[in-house]
Amino acid sequence: MTITITINNDSINNLDLSPAFTIIEPLLQEKSITSQEQQLRFEINYAQEANDPREFSEIPEVRLWFVRLDAKYPWLPFLLDWKAGEFARYSAMLVPHQFSSKEGIQYNPEALEIFLMHKIFILSDWLKQQNIPTQFRLKSLAQILGYELEDGFFEMIETR
């Protein structure tokens, strides 16, 4: 079942995370968060001027809202609907990038690598706390952003 968090100009401009809280906090309270894997999508209703060609991930106010959300729920990629492109869109909110009409989104490579490793470490610990197998999920997450993680990498972080 898809879960949708709808945000608008008011929530974005006021850095109001209550649209996310009303969805995520009950899942945490009910301890049902793990059964909602890859079910979350965002509906962004942010009004722009008619001649504003920017994508949402290019609008500083929208990006800042997502930075605040990520600080509150750093394990949120677990919930995002990867197949619907939600993790890629979420990443664009948090990683510096440019758009190319020929090649699409072009992330800053160093920033993307730092972001990905940060998420891998956070999710590795969080998934272990939830007693959820980690390696396949984390490899899949990395692949979405164009990275391949070796088994040796997981052996290294699991022994520390």
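Note that the structure is predicted; figures quoted are calculated from it, not measured. (Residues numbered from 1 in each chain as written. Predicted model: local features only at pLDDT ≥ 70, side-chain atom pairs only at ≥ 80, totals over all residues. Heavy atoms only, no water.)

**Q** What am I meant to see in the overall build of the protein chain here?
**A** Helix and strand counts for the protein chain stand at 7 helices and 4 strands. Each helix and strand of the protein chain, ordered N terminal to C terminal, gives the series β-α-α-β-α-α-β-β-α-α-α. Computed over the C-alpha atoms, the radius of gyration of the protein chain is 16 Å, within 12% of the 15 Å expected from 2.2 N^0.38 for a compact globule of 160 residues. For the protein chain, the spread of C-alpha atoms along the three principal axes comes to 50 × 40 × 25 Å. Looking at the protein chain alone, contacts between residues at least 24 apart form 66% of all its contacts between residues at least 6 apart. Accessible surface computed for the protein chain: about 9100 Å², of which carbon and sulfur atoms make up 49%. Charged side chains of the protein chain number 14 positive and 23 negative; the gap between the two group centres comes to 4 Å. (Helix = DSSP H or I, 4+ residues; strand = E, 2+ residues; numbered from the N terminus. Rg over C-alpha atoms; globule rule 2.2 N^0.38 Å. Contact = heavy atoms within 4.5 Å. Areas by Shrake-Rupley, 256 points an atom, 1.4 Å probe, with all protein chains shown as cover. Lys, Arg positive; Asp, Glu negative; His and termini not counted. Charge placed at Lys NZ, Arg CZ, Asp CG, Glu CD.)

**Q** So what exactly am I meant to see when it comes to helix α4 (residues 86–94) here?
**A** For α4, the tally of buried residues reaches 7 of 9 residues, placing the bulk of the element in the interior. Looking at α4, one finds that the buried residues are E86, F87, Y90, S91, A92, M93 and L94. On its buried face, α4 sits against β2 (40–45), α3 (60–72), β3 (97–100), β4 (104–107), α5 (109–129) and α6 (135–144). (Buried < 20%, exposed > 50% of the residue type's maximum accessible area, 1.4 Å probe, protein only.)

**Q** In this structure, what is going on with the environment of Q106? I would like to understand it.
**A** Along the chain, the position of Q106 falls in strand β4. For Q106, a relative accessible area of 33% translates into the label partly exposed. Taking the C-alpha atoms as reference, Q106 lies 9.4 Å from A92; in sequence the two are 14 residues apart. Aside from chain neighbours lying at most four places away, what touches Q106 is H97, Q98 and S100.

**Q** Quick question: what am I supposed to make of the pairing of β3 here?
**A** Consecutive side chains along a regular strand alternate between the two faces of the sheet. Here 4 bridges tie β3 to β4, and the two strands are oriented antiparallel to one another. Across the sheet, residue F99 finds its bridge partner in β4, namely I105. Where β3 folds back on β4, the antiparallel hairpin that results is connected by 3 residues. (Pairing = 2+ DSSP bridges.)

**Q** Explanation requested: the nonpolar core in the structure shown.
**A** Nonpolar side chains in soluble globular proteins tend to end up buried together. Within the largest apolar cluster, 50 residues are counted, with the highest numbers of intra-cluster contacts made by F42, W65, F66, L69 and L76. Contributing elements (two or more residues each) for this core: β1 (3–8), α2 (18–29), β2, α3, α4, α5, α6 and α7 (151–158). At 9 residues, α5 tops the list of elements feeding residues into this core. Among all residues touching L76, those that are not within four sequence positions of it are I24, L40, F42, L69 and Y90. (Core = buried A, V, L, I, M, F, W, Y, C linked by side-chain atoms within 4.5 Å.)

**Q** Can you help me understand the layout of surface pockets in this one?
**A** The method is simple in principle: a probe with the dimensions of a water molecule rolls over the atoms, and the space it marks as empty is what remains. Approximately 150 Å³ is the volume attributed to the largest pocket. If you trace the largest pocket, you find it lined by I44, E55, F56, S57, A88, R89, A92, M93, F99, I105 and Y107. Among the elements of the structure, α4 and β4 are those that each provide at least two residues to the lining of the largest pocket. Residue classes in the lining of the largest pocket are distributed as 8 nonpolar, 1 polar and 2 charged. (1 Å grid on protein atoms, 1.4 Å probe; cavity = no way out; pocket = protein on both sides within 12 Å on 5 of 7 lines; lining within 4 Å. Points joined across faces, edges and corners; volume = space filled by probe spheres on them. Nonpolar A, V, L, I, M, F, W, Y, C, P; charged D, E, K, R; others polar.)

**Q** Can you help me understand the packing of aromatic side chains in this one?
**A** Geometry of an aromatic ring pair is reported as the spacing of the ring centres plus the angle between the planes. Scanning the model with the defined rule gives 12 aromatic pairs in all. Between W82 and F87, the aromatic rings sit 6.4 Å apart at their centres with planes inclined by 45°, giving tilted as the arrangement. Here W82 matches F87 in class, with each residue buried. When the centroid spacing of 5.5 Å and the interplanar angle of 80° are considered together, the rings of F153 and F154 count as edge-to-face. Here the two residues F153 and F154 agree in accessibility, since each one is buried. Three or more aromatic residues joined by ring pairs make a cluster, and in this case those are F21, Y73, W75, F78 and W126. (Phe/Tyr/Trp six-rings, centres within 6.5 Å; stacked < 30°, edge-to-face > 60°.)

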